[in-house]
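Spelled out from the first residue to the last, the chains are:
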Amino acid sequence: MNPVACLRLRASAATPPFPSRCRAAPQPPRSVSRLPPRASASTAGIYLHSFLSLSSRHEQIPPFSSPFHLLNIRQFVTEAKIKVPGPLPLAENAVESQQPPVSLAKSLASLAEESTLAAQRQRKPLSRMEQKRLAELRIKKRVKAQYLNGKFYDLMGKVVATADTLEDAYDIVRLNSNVDLASARDDVCFTALAEQLRSGEFDIAANAFKVTAKRRGGEHLVLPRLNLKVIQEAVRVVLEVVYRPQFSRISHGCRSGRGYHSALRFISNEIGVPDWCFTVPLYKEVDRNVVSKLISQIQEKIVDDYLVTFMHDMFDAEVVNLVFGGFPKGHGVPQEGVLAPILMNIYLDSFDHEVFRICMKHEGLCSEATNVADNQGSSLRLWFRSQLKDRDVNYEEQREGSPNIRLYACRYMDEIFVAVVGSRDVADNIKSEIVDYLRTSLYLNVDDGLYLMPVKKNSRGLQFAGTVVRVTSKESAALKSVHKLKQKVNLFACQKQEIWDAMNTRLGKKWLAYGLRRIKESEIKPLGLSTPLLDHIAQFRKEGMKTDHWFKTLLKVWMQDINAKNELHEEVLLSKYIAEPALPQELRDAFNNFQKQAKDYISSETAATKALVSSLKNTESINTCTDGTAIKIHAPLSYIQMCLNRYGVVNLEGFPRHVSALVLQDDELIVSWFSGIIHRWVRWFSEVDNFKELQLMLVESVRKSCIRTLSAKYRMYEKLTEKRFELDDYGIPMVEDFEAVMAQLESSSSLVSSDEALMYGISSSGLCVLTLSRVSVSALKFNCFVMGCQSSSPSMYIIHVKEKQRFPGWRTGFSSSIHGSLNGRRLGLCTQHVKNLYLGQISLQSVDFGVLIR
């Protein structure tokens, strides 16, 4: 049978594979896999060539071979790359002749659709925080649908207790834990959970666990399990949608565009130099008065009895953990919880409005006026103008004789900073009004030792949001030149002193080596190198004592004679008692004379600088009536140095050392731990005024400690370790590469990732210490303790709490206020989440500490 007959027989026996032309568009051709099993590409090419040759000779075409089918077959031949002998007939011309012409509008519309599809293909995948924002926007739409006549109705039943909202809240929990949404999920039935909420059968106590400190009489902490954590996350988003638009502009923390950095920028850029300032230390654990006041504020905007009952039940179960004071907020510690930040902002929102009332009273109406009508002219109008223009108003337009009073306030969660321009009496009145309102209206406790600090006479500054706020004088050009010359001389003298000490230490070490060699040579009698002194000393040597042991014994006796315990370290000992006495007296006198003249020059320049500063101040006060001062924000360098010593990065003298708690961990985790310190310092302190000093501490302490930790693990020299591990790739730079690494870190962080409303508790989470407890065994297998993660935990870790809770707390790069009940707790974490915890990409709030608690 010829190929044409074979093709006709197959066509008559088969059903037309394509639908009719009038019903739908032609379907794409079948793939090569649809051919018979033993049919090769050459056989299919012969069949197609025979079929198309029939159509070219105008013979009878099989029933399934319409022009559209010819076009599909041609497309099939092209896609399958089948070699057909001979040229193919132009069957496309017949198809194009039968198709109607396409209009210009349809062509442009198809072009727009193609460009949209191409843009979608090129669009980058959504980041972690962008996905979180989309989930919150979906919940926000459901909340907005319940708005009517200025209030929100039935949010618990119509929004929170729905499967869609709970699933979105679960995705938010997983995104906070840095878990891919496409990975395996927990076995949570959101429909059943929503039904339990609507029917009131959800048991809060059964979905929470208590962690108690190991010591007797220790505090306890109640934390939520996964189901309750999801519900709290949904309630948080609902409350933020309702209340966040009405928060005052002096409120910072857990808000988009108003976080930690915006609070510090407000203090340093917008306040100027006030006369008086003070911080308000709050401390209060939630009681019935605070809960009733908070619930009444919630009911002003939300009409939902079931939500109010659910909030009361959570407070009774102690699972909300709303505490004023006690520990710094926003640091991602587990005791802060999910709902505490938004509830704190809601509760203190009335205080923010009270500050505006006090501001209008003292600035607009003036507190010295006995009658409001006596002083309600231009001062009140200027006050309203200053509020509308963000306080950018020319106060020279005020009426002569009216007091120039200004009030500034900034609140970061429960830390309050107040600055006053005016007399001391006005500042005392403002302070007393603020304290009275907090005590009487909000039932909060205020420390009695509240100090009203004169700004220009106090160089120590105030502690606020983990930093130091102090007033510094602006240096003139002449003053800068004097300081620069003095620093150059001091640096030159220090460099010569370092070289002198290094050479003396080298001589001392050579002396030790020479002494050991001489003792060993004296034991070899054929050499005849023994001396009467060595023979006399050898009489005190015990029998059987080896040479090295005997030499160490002699060194101990010598060190006791010179009282070596009073010296700092062995290098000073070798330089002072061995090398320097052996040097020529003229050389020692010349070096000491040089150092003395350098110190005398620096001290004389310091006295001249003080005189110059006083003269410049007098000149500026006469000419410009200003003292050239400004508010500066400084990182707490001394406290950071203490924390580096507490966590084992440096010793008591400030020299870097290896961190013994990290030696057993993987190389990547060790480097990530040190890299996490640098990332936090860059993220927190990049805008402070003493960042250069912190940068030097970073390179001198953190980088060298990382190298020494890896060297201690592999017992290698530090130079070999530095060559083996490219620390610059992990964000641990040298001094000359610091600016490039910092620019790379800033470019990698987008606006969404720096939004504190999305990153609250994560961006400010401190570094903790985890020690390796044991490697995973087959008998006991756990999944990762991070909520939403289904990966297996290869190792168990123990968390160590190095600092007690204190308020206010400093920002040091480490977790400063982990609850004491979590000290020594075992955690099962996957490698990825240990790295995320070290780098500050997740916080301890994402860890489920109740996995091992039954």
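Bear in mind that the values here come from a model prediction, so they are computed numbers and not experimental data. (Residues numbered from 1 in each chain as written. Predicted model: local features only at pLDDT ≥ 70, side-chain atom pairs only at ≥ 80, totals over all residues. Heavy atoms only, no water.)

*Asks:* Can you tell me about the overall build of the chain, naming the residues and giving the values?
*Replies:* Helix and strand counts for the chain stand at 28 helices and 19 strands. Here the chain holds 854 residues, and 45% of them are scored as buried. Long-range pairs, those at least 24 residues apart, make up 74% of the contacts in the chain with a sequence separation of at least 6. With the model as given, the accessible surface of the chain reaches about 45,700 Å², and the carbon-plus-sulfur share is 54%. (Helix = DSSP H or I, 4+ residues; strand = E, 2+ residues; numbered from the N terminus. Buried < 20%, exposed > 50% of the residue type's maximum accessible area, 1.4 Å probe, protein only. Contact = heavy atoms within 4.5 Å. Areas by Shrake-Rupley, 256 points an atom, 1.4 Å probe, with all protein chains shown as cover.)

*Asks:* I'd like a rundown of the sheet that holds strand E16 (residues 629-634), residues and numbers included.
*Replies:* Spatially, the 3 strands line up as an open sheet ordered E14-E15-E16, and their pairing is antiparallel. The open sheet is flanked by strand E14 (462-464) and E16, the only strands paired with a single partner. Between one strand and the next, the sheet's axes are offset by a mean angle of 35°, whatever the strand orientation. In the sheet, E14 pairs with strand E15 (residues 467-473) via 3 bridges, with the strands oriented antiparallel. Across the sheet, the residue bridging to glutamine 463 is valine 468, located in E15. (Pairing = 2+ DSSP bridges. Axes fitted to C-alpha atoms, helices over the stretch in contact; angles between N-to-C directions.)

*Asks:* Which residues make up helix H24 (residues 691-714), and what values do they have?
*Replies:* Taking 1.5 Å per residue, 24 residues should reach 34 Å; H24 reaches 34 Å between its end C-alpha atoms and fits that length. Within H24, the axis deviates most sharply at leucine 698, by approximately 30°. Looking one or two places after H24, you find arginine 715, whose phi comes out positive at around 55°. (Expected span 1.5 Å × (residues − 1). Bend = angle between axes of the 7 residues up to and from the residue.)

*Asks:* How would you explain helix H22 (residues 637-646) if you had to name every residue and give the values?
*Replies:* All of the buried residues in H22 are Leu637, Tyr639, Ile640, Cys643 and Leu644. Seen from one end, H22 has its buried residues packed into an arc of 160°, which puts them on one side. Tucked into the core, H22 has its buried residues touching helix H23 (667-685) and H24. (Arc of directions from axis to C-beta.)

*Asks:* An account of the pattern of salt bridges is requested, with residue identities and associated values reported.
*Replies:* Tallied over the entire structure, the rule returns 27 salt bridges. Put simply, arginine 198 and glutamate 195 hold a salt bridge, and the shortest N to O gap is 3.0 Å. Of this pair, arginine 198 and glutamate 195 both sit in helix H9 (residues 190-199), 3 residues apart, which is roughly one turn of that helix. Close ionic contact of glutamate 668 with lysine 835 constitutes a salt bridge, the shortest N to O distance being 2.7 Å. On the criterion of sequence distance, the pair formed by glutamate 668 in helix H23 and lysine 835 in helix H28 (residues 831-839) is long-range, its members being 167 residues apart. A single salt-bridge network, built from bridges that share partners, covers Glu136, Glu233, Arg236, Glu240 and Arg244. (Salt bridge = Lys/Arg side-chain N within 4 Å of Asp/Glu carboxyl O.)

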